[in-house]
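Working through the structure, step by step
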Amino acid sequence: MASITFKHVKKIYPGNVTVVPDLNLEIKDKEFVILVGPSGCGKSTTLRMIAGLEDVSEGELYIGDRVVNDVAPKDRDIAMVFQNYALYPHMTVYKNIAFGLNLKKMPKDEIDRRVHEAAKALDLEHLLNRKPKALSGGQRQRVALGRAMVRDPAVFLLDEPLSNLDAKLRTAMRSEISRLHKRLQTTFVYVTHDQTEAMTMGDRIVVMKDGIIQQMDTPQNLYDFPCNLFVAGFIGSPQMNFLDAVISESNGVYRAEVCGNLITLSDRMDKKKLAPYVGKTVVLGIRPEDIDAVSSDRKHDLEANIEIAELMGAEINLHVDCKGSKMVVRAASTFAGREGDIAALNFDVEKIHLFDKETELAIAH
C-alpha cells in the first residue's frame, strides 16, 4: 500500500512563517494526484514533506500505514524527479540511471536488467553511453524519470518536471508520464503551476492557495463545479469571465442583470439558493467557450465592443468590452468581426456560475 495521508499537518519556518497552516489530505494507492496553484501556495513544500526533504512542524504524515514524520528520505520508498533534472554531468546516461541502485549495492546483472528495461520503456537505449550535455531537454528529463523508475518505488514525486521544456516537448512528455503511470501502477504526486498539465494528467487535482486546499476533485468536476471564485478563475484557459450581476425574480423565474441586460437563468439552478440574493449583486461567471458570438440581426443577450481579436488557428479569442466590463469570447475562426466592431453575444445559460460577492463561494451552477 502506498497511500499518502496528511493529518492536520503544519509547516512553519523560522520566524513563525506559516506556509502550510493545517493540511488534511488523502491520496489513494496507485492514484495520480496533481497539486496545483500559483507560486508560493505551498504545493512544493507539501511534496518535499512527503519526500522528507522538509520536516513536518505539527501533525502526522503517513505513507501507507506508517507515520513517516521522523523517517529518513532514503527509507520512505519514494523517488523524486526534479525541475532541473539533477543529473551528474560527468556520468553517462547508463551510470546516471544506475546510480541509486549502485548505492544500494544491488547485483550488477540486476542493475543492468533494470537500466535496460527503463531505457527501452523511455526510448533511451541508443543514448546510454552519452553524457547529459549531449542530450536535449526532453532526453534529460527522460533520464531523470528512468533513474526514478529503476528503483521501483512505492511513490513517485514529480516537482514541476516539465517547466524547463518548450511547448511541443511538454505536450509529448505529458503523454509519456501518463503512460508511465498506467504501466507502473504506482502512486504519483505531481506538482505544477500549469493548469493544462493538471487537467490532462491527473486522476484528481488539489487546488491550493496560501497553503490551504481550496478544492480537491476530478478535472471535470473542478471545471464544471468550482467551489469558489479562485478555483473558477484558476482552472480553464482563457480563464472564466467574471461580471457583476443583479438577481431578480418574477413569477418564479430568476434573471441576472448584466451590463444593463436581463438574462434568464436556467431552471436547473437551485431556487432555494437563489432566493436570498434577489435584489443583490453577485458575481456571474461564464467561460469564453460558453459565450456565442452571433450576427447582430439574430436574437442576442447583449452587445460588446471588440477590442482585440486573437486568431488562434481554429478559433478566435475576442477581447470585448461591455459598458466597462471586460470579457474574452472564444469564437469560430469563420467569425467575421474584428477590432472596432460590435459583437452580439449569447450566453449558454446552462453553463452560468454564480458566486457570492463577499465570501466568493459558489451559490449555484
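It should be noted that the structure appears before, not after, this text.
Cut-offs applied
Residues numbered from 1 in each chain as written. Predicted model: local features only at pLDDT ≥ 70, side-chain atom pairs only at ≥ 80, totals over all residues. Heavy atoms only, no water. Pairing = 2+ DSSP bridges. Helix = DSSP H or I, 4+ residues; strand = E, 2+ residues; numbered from the N terminus. Axes fitted to C-alpha atoms, helices over the stretch in contact; angles between N-to-C directions. Parallel < 35°, antiparallel > 145°, perpendicular 65-115°, else oblique. Left-handed = near helix turned anticlockwise from the far one by under 90°. Contact = heavy atoms within 4.5 Å.

Some remarks on the sheet that holds strand β11 (residues 241-250)
Sheets are built from strands paired through backbone hydrogen bonds, the pairs being either parallel or antiparallel. Within the open sheet, the six strands sit side by side as β13-β12-β11-β14-β20-β21. Their pairing is antiparallel. Two strands close off the open sheet at either side, each with one partner strand: β13 (261-264) and β21 (362-364). If you compare each strand with its neighbour and ignore which way they point, the axes differ by 45° on average. Where strand β14 (residues 281-286) and strand β20 (residues 353-355) come together, three bridges link them in antiparallel fashion. Among the inter-strand pairings, V283 is bridged to a residue of β20, identified as F355.

A word on the packing of helix α4 (residues 137-149) against helix α5 (residues 167-184)
Two elements in contact, α4 and α5, have axes separated by 11 Å at closest approach and are oriented at 15°. Comparing the axis directions of α4 and α5 gives the class roughly parallel. The handedness of the crossing between α4 and α5 is right-handed. Packed against α4, whose contacting residues are G138, Q141, R142, L145 and M149, the element α5 presents L169, M173, E176, I177, L180, R183 and L184 at the interface.

As for unusual backbone geometry
Omega for the peptide link from S237 to P238 comes to -5°, which places this bond in the cis form. You can see P238 is positioned in the loop between α8 (229-234) and β11. Despite not being glycine, N16 shows a phi value in the positive range, around 60°. On the secondary structure map, N16 appears in the loop between β1 (4-13) and β2 (17-27). Although it is not a glycine, C259 adopts a positive phi angle of roughly 50°. Residue position: C259 is located in the loop between β12 (253-258) and β13.

Some words on the sheet that holds β1
Read from one edge of the open sheet, four strands run β2-β1-β4-β5, paired in antiparallel fashion. The strands lining the two open edges of the sheet, one partner per strand, are β2 and β5 (66-67). Contacting β1, β2 and β4 (58-63), helix α1 (residues 43-51) runs over the sheet at an angle of about 115° to β1.

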